[in-house]
Amino acid sequence: MKILLTSDWHLGKALYHQKLHNYQEKFFLQEFIPAMRDIKPDLLIVAGDILDRPIPDKDTLLLFEEILKELASSKIKTFFILGNHDSRRTSLHKYFLELGGLFVIDDLRFFFNPLTISDEEGSKLNLYFLPYLSPYELEEILRERGVELDGVPKVFTRDLLKHLINEIEIKRPAFLIGHFAISGFIFCGEELFIRGFNQDYLLDEDLFEGFDFLFLGHLHRYQVRNNRIFYPGAPLIYSFDNVKDRRGALLLEIYGAQIIHYKLIELTSPYEIMVIEDTFSNILKLPKTEAFLKIILTDNKPIYEAFQRLKEKFPNLLYLDYKKVLNEEQKSNLFLDYDDFNLDLIELKIDELELFKEFYKYVTNTDPEERIIRVFKEYLESFYNSRH
Ligand SMILES: [Mn+2]
């Protein structure tokens, strides 16, 4: 049996205000779905964060609809679970989607009663779906089942999940599909904590020892542990910090009760992401590119209208900053101990001019010239005068 596992599509995402839905449309319709049609998996599993926002905009919904249409026509059975970025808006038409063979799971019906899937070769899998739910929702579900929760610190998802897992009798081989981080795996900086998602959703592997395999979303980097815990990662790169990541979808082959083979199917992104660090004049000599760019200028003086001038050559420049070079004093200030602070400072009356001089030196690394001090004094004077 072949399973194609993916997660964290984040449809409707923007990168520094650059909306990506046109690129995502190209990627899913011209790259992802054709690749999936070639592979012909028995199941497609999307482990959460289908949409980027709980309240998606119209472009995102139209794109999602387009993808759902393609998936339904492919006749490949598809299971989505909600992630921390999704909401009941993602699963709004779930009963109708099921008619097309698409399951968008936002409750625990396939957790308490797993979905058993078998094939002619004798593979039989029990799929347990655990969509992202807030601690309050988990608590509510447990109470409805009559679970005694007195003494359980309800804000701790791990305790609630422990109770939840105690509620079921796990049939083997058991595959858990969920959306959370497991300790020891890598966060790549693209994972955002929203909807009350906090550190507590970093869970220990022990909690899931009853399950044979874990198919998970939430972490955006592809990673696997012990042939047992699988994060397919986000299929597209969504930040400047991960330009070197391999991204795609994970193909798993299951025979009997074992995963006999898996590999990341690398997919081509419709956009390129680059980080360039150099002086303004050197960067202007580089060849034109359509890539999404983050530029760090190493010039030690500000460049006049740098962003506009660079954008003429690099239309997809999204972010511009100057490299911060700290002198020894500034570096040591970064590691100041609280004990080093003189609490008497709080009692001091602030001298604006001194403060300005310090600030100026911090930013430019030089003392302000006389004329700059004069301008500042004039400004200060007019400021105080205007208050009377
Ligand atoms: Mn995500």
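Residues numbered from 1 in each chain as written. Predicted model: local features only at pLDDT ≥ 70, side-chain atom pairs only at ≥ 80, totals over all residues. Heavy atoms only, no water.

### A few points about unusual backbone geometry
Stage number 1. With omega at -10°, the peptide bond leading from R172 into P173 counts as cis.
Stage number 2. Here P173 shows up in the loop between α6 (157-166) and β9 (174-179).
Stage number 3. For K40, which is not a glycine, the phi torsion comes out positive at approximately 50°.
Stage number 4. Structurally, K40 is set in the loop between α1 (21-39) and β4 (43-47).
Stage number 5. In the Ramachandran plot, H218 falls in the positive-phi region, its phi being about 110° despite a non-glycine side chain.
Stage number 6. Along the chain, the position of H218 falls in the loop between β12 (213-217) and β13 (223-225). (Helix = DSSP H or I, 4+ residues; strand = E, 2+ residues; numbered from the N terminus.)

### Observations regarding the coordination of the manganese ion
Stage number 1. Donor atoms from the polypeptide that bind the manganese ion are D8 (OD), H10 (NE2), D49 (OD) and H220 (NE2), placed at 2.0 to 2.4 Å.
Stage number 2. In the primary structure, the donors to the manganese ion are separated according to the pattern D-x1-H-x38-D-x170-H. Linking H10 in the loop between β1 (2-6) and β2 (14-15) with D49 in the loop between β4 and α2 (58-74), this pair joins segments that are 39 residues apart in sequence.
Stage number 3. Taking the relative accessible area as the measure of exposure, H10 reaches 2% and is therefore buried.
Stage number 4. By relative accessible area, which is 1% here, D49 ends up buried. (Donors = N, O, S within 2.8 Å, 3.2 Å for Na, K, Ca; no water. Buried < 20%, exposed > 50% of the residue type's maximum accessible area, 1.4 Å probe, protein only.)

### Here we look at empty space enclosed by the protein
Empty pockets left among the atoms are what a rolling probe the size of a water molecule brings to light.
Stage number 1. Within this structure, the stated rule accounts for two cavities of 30 Å³ or more.
Stage number 2. Along its surface, the largest cavity is lined by L130, P131, Y132, L133, L138, L161, H179, F180 and Y201.
Stage number 3. In terms of residue class, the lining of the largest cavity is built from eight nonpolar, one polar and no charged.
Stage number 4. Here the second largest cavity is characterised by a volume of approximately 30 Å³.
Stage number 5. Here the element with the most residues in the lining of the second largest cavity is α1; it accounts for four residues.
Stage number 6. Broken down by class, the residue content of the lining of the second largest cavity amounts to eight nonpolar, no polar and no charged. (1 Å grid on protein atoms, 1.4 Å probe; cavity = no way out; pocket = protein on both sides within 12 Å on 5 of 7 lines; lining within 4 Å. Points joined across faces, edges and corners; volume = space filled by probe spheres on them. Nonpolar A, V, L, I, M, F, W, Y, C, P; charged D, E, K, R; others polar.)

### Overview of the sheet that holds strand β16 (residues 258-266)
Stage number 1. In spatial order, the strands read β6-β5-β4-β1-β15-β16; together these six strands make up an open sheet with mixed pairing. Whereas interior strands pair on both sides, the edge strands pair on one side only; in this sheet they are β6 (102-105) and β16. Between one strand axis and the next, the sheet turns by 20° as a mean value, whatever way the strands run.
Stage number 2. Pairing of β4 with strand β5 (residues 77-81) involves five bridges; the strand directions are parallel. By the bridge assignment, L44 is partnered in β5 with T78.
Stage number 3. Lying over the sheet, α1 contacts β1, β4, β15 (248-255) and β16, oriented at roughly 165° with respect to β1. (Pairing = 2+ DSSP bridges. Axes fitted to C-alpha atoms, helices over the stretch in contact; angles between N-to-C directions. Contact = heavy atoms within 4.5 Å.)

### Quick word on the packing of helix α10 (residues 352-364) against helix α11 (residues 370-386)
Each pair of packed helices gets described by two things: the angle between the helix axes and the distance between those axes.
Stage number 1. At a minimum axis distance of 11 Å, the contact between α10 and α11 shows a crossing angle of 135°. Between α10 and α11, the crossing angle belongs to the class labelled oblique. Classified by chirality, the crossing of α11 by α10 is right-handed. Contact residues: α10 offers E352, L353, F356, K357 and Y360, while α11 offers I372, I373, F376, K377, L380 and Y384. (Parallel < 35°, antiparallel > 145°, perpendicular 65-115°, else oblique. Left-handed = near helix turned anticlockwise from the far one by under 90°.)

### Considerations on the sheet that holds strand β14 (residues 229-231)
Stage number 1. In spatial order, the strands read β7-β8-β9-β12-β14-β13; together these six strands make up an open sheet with mixed pairing. Edge positions in the open sheet fall to β7 (115-118) and β13, since each of these has one partner strand only. On average, each strand axis in the sheet is inclined to that of its neighbour by 20°, with strand direction left out of account.
Stage number 2. Both β12 and β14 contribute to a ladder of two bridges, which runs parallel. Paired with F215 across the bridge in β14 is F230.

### Points about the nonpolar core
Soluble globular proteins tend to pack their nonpolar side chains together in the buried interior.
Stage number 1. Core analysis: the largest hydrophobic core is formed by 40 residues, its most contacted members being W9, F32, L71 and F80.
Stage number 2. Elements with a contribution of two residues or more to this core: α1, β4, α2, β6 and β15.
Stage number 3. A total of seven residues in this core trace back to one element, the largest contributor, which is α1.
Stage number 4. Shared between two domains, this core takes at least three residues from each, and those domains are domain 1 (2-266) and domain 2 (273-322).
Stage number 5. Once you skip the residues sitting within four places of it in the chain, F80 turns out to touch W9, V46, I50, F64, L68, L71, F103, V104 and I105. (Core = buried A, V, L, I, M, F, W, Y, C linked by side-chain atoms within 4.5 Å. Domains from an automatic or database assignment.)

### Considerations on the environment of P56
Stage number 1. Mapping P56 onto the fold places it in the loop between β4 and α2.
Stage number 2. Its relative accessible area of 14% is what places P56 among the buried residues.
Stage number 3. Considered as a pair, P56 and F32 are 24 residues apart in the sequence and their alpha carbons are 22 Å apart.
Stage number 4. If sequence neighbours within four positions are ignored, P56 has contacts with L51, L61 and R89.

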